[in-house]
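The primary structure of each chain is shown beneath.
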Amino acid sequence: MSWRGILVYAENYSGSIHRASFELLGKARGLLPKIGGVLHAAIVTSEENAEKHSKELIAFGADEVLEYIVKERFLPNPVVHRNALIDAISYAKPKLVLVPATPWGRSIAPRVAAAIRTGITADCLDVYVDDAGDIVQVRPAFTGNIIAHIKTLTSPVMATVRPGVFPLPQPDYSRKGEAIAKNLSLSEDDDVRVVGVSKRKTVKLSEATIIVSIGKGVRSKEDIKLFEELAKALNAQLACSRPLVDMGWMERDRQVGFSGNIVRPRLYIALGISGAPQHIAGMKDSQYIIAVNTDPSAPIAKYCDLFVVGDIYDIAKKLLQALEGFKEVK
Amino acid sequence: MPRWGALNIVVLIKPAPDITKAKFDIERGTVDRSSTTLEINPFDLYAIEVAKRIKRLFGGTITSLSMAPPHAEPALRDAIARGVDRAILLSDKRFAGADTLATSYTLAAAIRKLGSFDIILCGEKSVDGDTAHVGPEVAEHLKIPHISFVIRVVDITRDRIIVEADYGDAYYTVDLKLPALIALSRPVIFKEEFVEPSMPKISDVLRAKRAKIEVWNADYLSDVADVGRFGLAGSPTRVVKAYYALEKGRMARFVKGDESIITLLNTLKELGVIQ
Ligand SMILES: Cc1cc2nc3c(=O)[nH]c(=O)nc-3n(C[C@H](O)[C@H](O)[C@H](O)COP(=O)(O)OP(=O)(O)OC[C@H]3O[C@@H](n4cnc5c(N)ncnc54)[C@H](O)[C@@H]3O)c2cc1C
Ligand SMILES: Nc1ncnc2c1ncn2[C@@H]1O[C@H](COP(=O)(O)O)[C@@H](O)[C@H]1O
């Protein structure tokens, strides 16, 4: 059996495709000349959205879209996506399978890898083809302390890839491609029933371009207002280190770090955060990092571009005053 | 058909190095094992806590499985002190060098060897492996349903468990048939109660010191598994190169006093945040 081309799993459990799927299509197009074959996208979608979704995936780079059309209520069911992806792999026989390393992707993809007994690499930051023509996957391990380059000896090579590391390609709606409707036999068993959405996230730090992040330098829950104001003035998202979530001062969706969100904004401002390895793991790839801390020997000094030695309350107040004369860029 | 009696609860516990103290063996892309002791992977502490609450409701036993080198034994004693009834260490040279596929295969084999199980609990991810892939792969080998990134156990009966899980863009409520595997995030809520691991009592630590740790090797699993799928031999992925991610760091410019606000404003302008 020969394995050719690339398959991108397009994440869709809510009715809209996760943007990381498009990033992966862009990356895959770049890899394709070295790997050969065609670029497939596989999607579980509904009757209503199938055509629109396939057009989108083709515009972002897919040659052939494998559509698994299910009733709306089956969309958020992981079993359906597992079965679809296994079917898509056996149909397309791709050399490489890319899945967004979202919580959802990191739940579906490993199941599929185990089912088809192939190797899988988690949360990759890059994928490239080396001089020997082998696919190499680049991933962080040990809470982001180590970067490892990994090869897979079995086929297909499977990887979950971190959202936001590859640029969103420019869609081209004149691109030609094919949509292939694929059947999925849905068993009527009730092993997994999705009862409903309990809460949609209002903050998505992974997509923020400017982040103001607060740590234990903040002395009380009420004081957070000041930093909220600062975030607003800079058109930024407010985030935090883990202790603030543990104390119940901030919601978990705003936590940055190993056990929170991995972010890579254009600007990350860390206020009263010491820079523990678990926090650094979540923000070190930000383009520009400013730290404000009274302690110039805080570990975060090694991971920032500008270190303001000072009190976060004092700096926040003065900065807010000074900003009144400026317009933020929308 | 409803099932009766106590529940057999399995917890997957990874003995992992404290990454703030660990030194790394860059050649092999692993932790220098001699540089640090192994302790329970922090996320797995939540799995133990949830296991205890399930046991309180239904009765039963909590069995922990850990695939690790022999010097992981203190971590297993810690698990017993925290409330695990039976701790099993899967340890054998033939398990070494396992990636997620071989690790999950070995853990699944050990679960089969246990005989019957109703629920498997594990952590969202490990601080060293850092993949979040092992739990789902174990579930697949056992052909049972699973849900990852669980932040709440809404309800549990002898036949089903209802959980809230983080899908990424939203939290979904999912109702699974037991036996199933649940991978726990933190913070986690059990019914209405916030679950927070606490230090074990001295009396429990002393009791755990005398407890028996069962050690299973590859041969012991040979009737339920293909020993060729263990360890490096059963691992399709290979680390070809590894290096420190944080070594480079950044060269920060330090400012203080009156200079601070002016520098901040200029930087914000240069970055195009304000105009
Ligand atoms: C398994 C595991 C996972 C973890 N995951 C995460 C994670 O995802 N995210 C995370 O953030 N942490 C995580 N942690 C916790 C992490 O180890 C640290 O405990 C945490 O990041 C510390 O938060 P902090 O920097 O806000 O607090 P501290 O370390 O207490 O630092 C506070 C800083 O504020 C400065 N400061 C105090 N007052 C002022 C002031 N008025 N003005 C200016 N500076 C001031 C101090 O000098 C100090 O540097 C995890 C830990 C474990 C074990
Ligand atoms: N060697 C192991 N022994 C026992 N449990 C493990 C092992 N490796 C991983 N696990 C479990 O799988 C979870 C996810 O780990 P990982 O996939 O390494 O991020 C952990 O939190 C553990 O519960």
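Just above sits the structure.
Residues numbered from 1 in each chain as written. Chains lettered and ligands numbered in written order. Predicted model: local features only at pLDDT ≥ 70, side-chain atom pairs only at ≥ 80, totals over all residues. Heavy atoms only, no water.

Asker: Before we go on, may I ask you to explain the overall build of chain B in this structure?
Answerer: When its secondary structure is counted, chain B shows 6 helices and 16 strands. A principal-axis box enclosing the C-alpha atoms of chain B has dimensions of 70 × 45 × 40 Å. For chain B, the residues scored as buried account for 58% of the 275 residues in total. Restricting the contact set of chain B to residue pairs at least 6 apart, pairs at least 24 apart contribute 73%. A total of about 11700 Å² of accessible surface is found on chain B, and carbon and sulfur atoms cover 55% of it. Side-chain charges in chain B split into 38 positive and 36 negative, and the spacing between the mean points of these groups amounts to 3 Å. (Helix = DSSP H or I, 4+ residues; strand = E, 2+ residues; numbered from the N terminus. Buried < 20%, exposed > 50% of the residue type's maximum accessible area, 1.4 Å probe, protein only. Contact = heavy atoms within 4.5 Å. Areas by Shrake-Rupley, 256 points an atom, 1.4 Å probe, with all protein chains shown as cover. Lys, Arg positive; Asp, Glu negative; His and termini not counted. Charge placed at Lys NZ, Arg CZ, Asp CG, Glu CD.)

Asker: Whenever I open this one, helix H4 (residues 105–115) of chain A confuses me. Can you help?
Answerer: The α-helix advances 3.6 residues per turn, and as a result positions three or four apart in sequence lie on the same side. H4 of chain A sits mainly inside the fold: 10 of its 11 residues count as buried. After H4 of chain A finishes, the residue Arg117 of chain A shows a positive phi value of roughly 55°.

Asker: Help me understand the interface of chain B and chain A, please; the structure alone is not making it clear to me.
Answerer: How big an interface is tends to be stated in terms of accessible area lost as the parts join. Of the residues lining the interface, 85 residues belong to chain B; the matching set on chain A comes to 94 residues. Taking both sides of the interface into account, the surface hidden between chain B and chain A amounts to around 8100 Å²; carbon and sulfur atoms contribute 60%. Viewed at the interface, chain A and chain B are joined by 10 salt bridges. For Asp169 of chain B, the salt bridge goes to Lys204 of chain A, with nearest N and O atoms at 4.0 Å. Here chain B and chain A share 51 residue pairs in polar contact (both at pLDDT 80 or more) between them. Here the residues of the side of chain B that touches chain A are counted per class, giving 42 nonpolar, 23 polar and 20 charged. (Buried area = accessible area lost by both parts, 1.4 Å probe. Salt bridge = Lys/Arg side-chain N within 4 Å of Asp/Glu carboxyl O. Polar contact = N/O pair within 3.5 Å; in protein donor to acceptor, adjacent residues only side chain to side chain. Nonpolar A, V, L, I, M, F, W, Y, C, P; charged D, E, K, R; others polar.)

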